[in-house]
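A structural walkthrough
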Amino acid sequence: MRDLVAGLTYLGKGQRWVAGNRRQWGFGLLPGLVTLVGYAAAVVCLALYADDAVAWATPFADGWASPWAGLFRGALTVLLFGGGLLLAVISFTAVTLLVGQPFYEELSARVDRSVGGEAPESGLPLWRELWISARESLAVLVRAASWGVLFFALGFVPFIGQTVVPAIGICFSGFFLAEEITAVALQRRGVPLRERLRLLRSRKLLTLGFGVPLALLFLVPVVAVFVMPGAVAGATLLVRDLMGEGPVEAEPEPEAADDGTLS
């Protein structure tokens, strides 16, 4: 239970850190805003053209008697739009982290330095870091989507599907979200995906205490944009705890010392 509370505490500490480092918070907002605009445009296009896409994909229904063709295509349109929204929610964090890799790495490094510690660096060129991040994020997304399909199917089971399944589902979402956010600090330390998952599983309650509240907040992408910088800062503190790297109480850097540039 102590780890569960500690995970939630790291989320709060991260938000306090960015509140005391407003320029870093501002830079951390940029990737999320760019990603949000792109996703909003995609969702609008999906809403406008989903019915046309379904009609194009189901020419065999053209000769069906009314109202069966309309009902069939209407159901498919709802499923297509709902699936698109689900995919957007699942992938938003991974895409934002990929777009904002340099910003979030610098923010994470500053959190490390603010506790008097070293700021580990992977030593890899940016293109290589982006490739590794994209590849590992895709692997995590595939795992999360696989579980998502299972939970969706179990959702039709009476009573359990409306009570137990959503609770378990949000726990799984929280774990995978925690993995994605902590990846920023752990990749800087050269920790591969498999080892990251093992490390997080070794402290499940700590991981869930951090990830589950974050998953609930991230259900609304607009909220995710504003919470993301603090989530990265909090995840860095959590990683220091997992790796046994000493003090985890971060203090905001003096504002005058923050020139707002990326090192």
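To keep things clear, this report deals only with the structure shown in the data block.

**Concerning the nonpolar core**
With 46 residues, the main nonpolar core has Ile181, Phe210, Leu214 and Val232 as its most contacted residues. Considering every element that reaches this core, the biggest residue donor is helix H9 (residues 221-242), with 12 residues. The contacts of Val232, once residues within four sequence positions are left out, are Leu97, Tyr104, Leu107, Ser108, Ile181 and Val184.

**Points about helix H6 (residues 164-188)**
Between its terminal C-alpha atoms H6 stretches 37 Å, which fits the 36 Å expected from 25 residues at 1.5 Å a residue. Backbone geometry just downstream of H6 places Gly190 in the positive-phi region, at approximately 75°.

**Comments concerning helix H1 (residues 2-19)**
Owing to its 3.6 residues per turn, the α-helix brings residues three or four apart onto one side. The terminal C-alpha atoms of H1, which comprises 18 residues, lie 26 Å apart, in line with the 26 Å expected from a rise of 1.5 Å per residue. Turning to H1, its buried residues are Gly7, Tyr10, Leu11, Lys13, Gly14, Trp17 and Val18. The buried side chains of H1 occupy one side of the element, clustering within an arc of 160° when seen end-on. Structural note: H1 exposes Arg2 and Arg16 on the side pointing more than 90 degrees away from its buried face.

**Description of the packing of H6 against helix H7 (residues 193-202)**
At a minimum axis distance of 10 Å, the contact between H6 and H7 shows a crossing angle of 120°. The angle between the axes of H6 and H7 places the two elements in the oblique class. Handedness of the crossing formed by H6 with H7: right-handed. Here Phe175, Ala178, Glu179, Thr182, Ala183, Leu186 and Gln187 of H6 lie close against H7, whose contacting residues are Leu193, Arg196, Leu197, Leu199, Leu200 and Arg201. When its residues are assigned to classes, the contact of H6 with H7 shows eight nonpolar, two polar and three charged.

About the cut-offs
- Residues numbered from 1 in each chain as written.
- Predicted model: local features only at pLDDT ≥ 70, side-chain atom pairs only at ≥ 80, totals over all residues.
- Heavy atoms only, no water.
- Core = buried A, V, L, I, M, F, W, Y, C linked by side-chain atoms within 4.5 Å.
- Buried < 20%, exposed > 50% of the residue type's maximum accessible area, 1.4 Å probe, protein only.
- Helix = DSSP H or I, 4+ residues; strand = E, 2+ residues; numbered from the N terminus.
- Contact = heavy atoms within 4.5 Å.
- Expected span 1.5 Å × (residues − 1).
- Arc of directions from axis to C-beta.
- Axes fitted to C-alpha atoms, helices over the stretch in contact; angles between N-to-C directions.
- Parallel < 35°, antiparallel > 145°, perpendicular 65-115°, else oblique.
- Left-handed = near helix turned anticlockwise from the far one by under 90°.
- Nonpolar A, V, L, I, M, F, W, Y, C, P; charged D, E, K, R; others polar.

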